[in-house]
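Architecture at a glance
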Amino acid sequence: GVTRLLLTRIPFFKEIIVSSFACDSCSWSNTEIQSAGRIQEQGVRYALAVTSRQDMNREVVKTDCATARIPELDFEIPAFTQKGVLTTIEGIIDRAVAGLEQDQPVRRATDQEVASKIDEFIGKLKQLKEVHSSFTFIIDDPSGNSFVENPHAPQKDNALVVTHYRRTPQQAAMLGLELDEKPADSEEDLRNEVLQFNTNCPECNAPANTNMKLVQIPHFKEVIIMATNCDSCGHRTNEVKSGGAIEPQGTRITLRITDPSDMTRDILK
């Protein structure tokens, strides 16, 4: 057979490698995708509220280490049970149906009760494709290389929730990664590290990055400084949040200005 490789870029995502194998003798074919980049710094979780047939046609990149779930049916495709794939939400459901139907003739001959239950579940999966009622489609990928299309990009999609998270040691081991940081030093690392996460610009709604830093103010407490810079429209914003809990009492501070040097005092409001 022949395997064809294609390097392609998905809008508002990244470059991926699509490989397609076809055999002229038996007509068997297979496709899979691999990320053209490295494993991301953080894992990613996409949660989409599917409410229409148009949502079923959204483009999906699912890597082999990603987990796909539909909570309403208590249905899950575990990690490393399928090759990476570039498809749609309907395509993922069709693939799951094909996998369940594959051994049904053998089950009907050996265990009719199990076969009937699987037939019933296959019927529920097929009904999802008609979107008679809304359901939630979730992709959780510790490598950060999976993707669910936002047809309104760069505007925000209210039906799609994208969450970035830090991998657990178990997830890192599953991906074959070694964690350099030691648990005992994790708090100190957080103080020295500038965290970055994806968001949308409050002015033009284009994708932007927000930087977050934990800062210790002398003789006071810890605060969190957040700054957002938009490369599209140039909008900049920053704000300060308390790093601790709300105090049991309020505070009222009165300062009498008697010298020009008083005007240079630091104020946290």
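Residue positions are given per chain, counting from 1 as you read along its sequence in written order. Per-residue local features are limited, in this predicted model, to residues with pLDDT of at least 70; the limit for side-chain atom pairs, both in listing and counting, is 80 or more; totals at the level of whole chains, interfaces and linings are taken over all residues. Hydrogen atoms and water are omitted, and side-chain values are computed over all heavy atoms in the structure.

Under the convention used in this document: UniProt positions are given in the numbering used here, feature names are shortened, and annotations may be inferred rather than shown by experiment.
Going by what an unreviewed UniProt entry lists, the protein chain is known as ZPR1 protein and is assigned to Anhinga anhinga. Listed under Sequence similarities (unreviewed entry) in UniProt, the entry text for the protein chain is "Belongs to the ZPR1 family." Recorded in UniProt for the protein chain, the comment headed Subcellular location (unreviewed entry) runs: "Nucleus".

**Things to note about the overall build of the protein chain**
Heads up, the condition is: A run of H or I in DSSP counts as a helix once it spans at least four residues, and a run of E counts as a strand once it spans at least two, with each numbered from the N terminus. The atom set for the radius of gyration is the C-alpha atoms, and the globule formula is 2.2 Å times the number of residues raised to the power 0.38. For accessible areas, the Shrake-Rupley method is used with a probe of radius 1.4 Å. Any residue's cover is judged against the shown protein chains and nothing else. In this charge count, Lys and Arg are treated as positive and Asp and Glu as negative; neither His nor the chain ends contribute. Charged side chains are reduced to one point each, which is NZ for Lys, CZ for Arg, CG for Asp and CD for Glu.
From N to C terminus, the protein chain includes six helices and 15 strands. Since a compact globule built from 269 residues should have a radius of gyration of about 18 Å, the 25 Å found for the protein chain marks it as more spread out than a globular shape. Expressed along its principal axes, the backbone C-alpha trace of the protein chain runs to roughly 95 × 40 × 40 Å. With an accessible surface of roughly 18000 Å², the protein chain has 50% of that area assigned to carbon and sulfur atoms. Distance between charge centres in the protein chain, computed from 30 positive and 39 negative side chains, equals 3 Å.

**Quick look at the domain arrangement of the protein chain**
Operational definition: Either an automatic procedure or a domain database provided the assignment from which the domain bounds are taken. Contacts between residues were defined by any pair of non-hydrogen atoms, one from each residue, lying within 4.5 Å. Buried area, as used here, totals the accessible surface that two parts lose on assembly, with accessibility defined by a 1.4 Å probe and the loss added over both. By definition, a salt bridge exists where a carboxyl oxygen of Asp or Glu is found within 4 Å of a side-chain nitrogen of Lys or Arg. The term polar contact refers here to a pair of N or O atoms within 3.5 Å; inside protein, the definition further demands a hydrogen-donor-capable atom paired with an acceptor-capable atom, and it admits residues adjacent in sequence only when both atoms are side-chain atoms. Gly falls in the polar group here, along with every residue not listed as nonpolar (Ala, Val, Leu, Ile, Met, Phe, Trp, Tyr, Cys, Pro) or charged (Asp, Glu, Lys, Arg).
Along its sequence, the protein chain is organised into domain 1 (1-37), domain 2 (41-175) and domain 3 (190-263). With 11 residues of domain 1 at the interface, the matching set in domain 2 holds 13 residues. With both chains or domains summed, domain 1 and domain 2 bury close to 970 Å², and 69% of this area falls on carbon and sulfur atoms. For domain 1, the biggest contributors to the area lost against domain 2 are Phe12, Phe13 and Ile33; these three give 48% of the whole. Connecting domain 1 to domain 2 are zero salt bridges. Between the two partners, domain 1 and domain 2, sit one residue pair in polar contact (both at pLDDT 80 or more). Secondary-structure elements contributing two or more residues to the side of domain 1 that touches domain 2 are strand E2 (15-22) and strand E3 (29-35). Ranked by the residues each element gives to the side of domain 1 that touches domain 2, the list is headed by E3, at four residues. Tallied by class, the residues present in the side of domain 1 that touches domain 2 amount to seven nonpolar, two polar and two charged.

**Some details on the sheet that holds strand E10 (residues 147-148)**
We apply this condition: Two strands form a pair only when DSSP identifies at least two bridges running between them. For helices, the axis comes from a line fit to the C-alpha atoms of the stretch in contact; other axes are also lines fit to C-alpha atoms, and the angle between any two N-to-C directions lies between 0 and 180 degrees.
The strand order across the open sheet built from three strands is E8-E5-E10, with neighbouring strands paired in antiparallel fashion. Bordering the open sheet on either side are strand E8 (85-88) and E10, each of which pairs with just one other strand. Here strand E5 (residues 59-62) runs beside E8; their pairing, made up of four bridges, is antiparallel. Note on E8: the bridge partner recorded for Val60 is Thr87. Along the sheet face, helix H2 (residues 89-101) touches E5 and E8 and points at about 110° away from the line of E8.

**Some details on the nonpolar core**
Selection rule: By nonpolar core is meant a set of buried Ala, Val, Leu, Ile, Met, Phe, Trp, Tyr and Cys residues that side-chain atoms within 4.5 Å join together. To sort residues, take the accessible area from a 1.4 Å probe on protein chains only and compare it with the maximum for the residue type: under 20% means buried, over 50% means exposed, and anything in between is partly exposed.
If you look at the biggest cluster of nonpolar residues, it comprises 33 residues, and the most contacted ones within it are Val50, Leu125, Phe135 and Phe137. For this core, the secondary structure elements donating two or more residues are strand E4 (43-50), E5, strand E6 (67-70), strand E7 (75-77), H2, helix H4 (112-128), strand E9 (135-141) and E10. When residues in this core are grouped by element, the largest group, five residues, is from H2. Each of domain 1 (1-37) and domain 2 (41-175) gives at least three residues to this core.

**A word on H4**
Selection criterion: Multiply 1.5 Å by the residue count of a helix minus one, and that product is the helix's expected span. Directions drawn from the helix axis to the C-beta atoms are what define this arc.
Over its 17 residues, H4 extends 25 Å from the first C-alpha to the last, a length consistent with the 24 Å expected when each residue adds 1.5 Å. Those residues of H4 lying buried are Ala115, Ile118, Ile122, Leu125 and Leu128. Taken down its axis, H4 places every buried residue within 120° of arc, on the same side. Exposed and oriented more than 90 degrees from the buried face of H4 are Glu113, Lys117, Glu120 and Gln127. On the buried face of H4, the contacting elements are helix H1 (53-56), E6, E7, H2, helix H3 (104-110) and E9.

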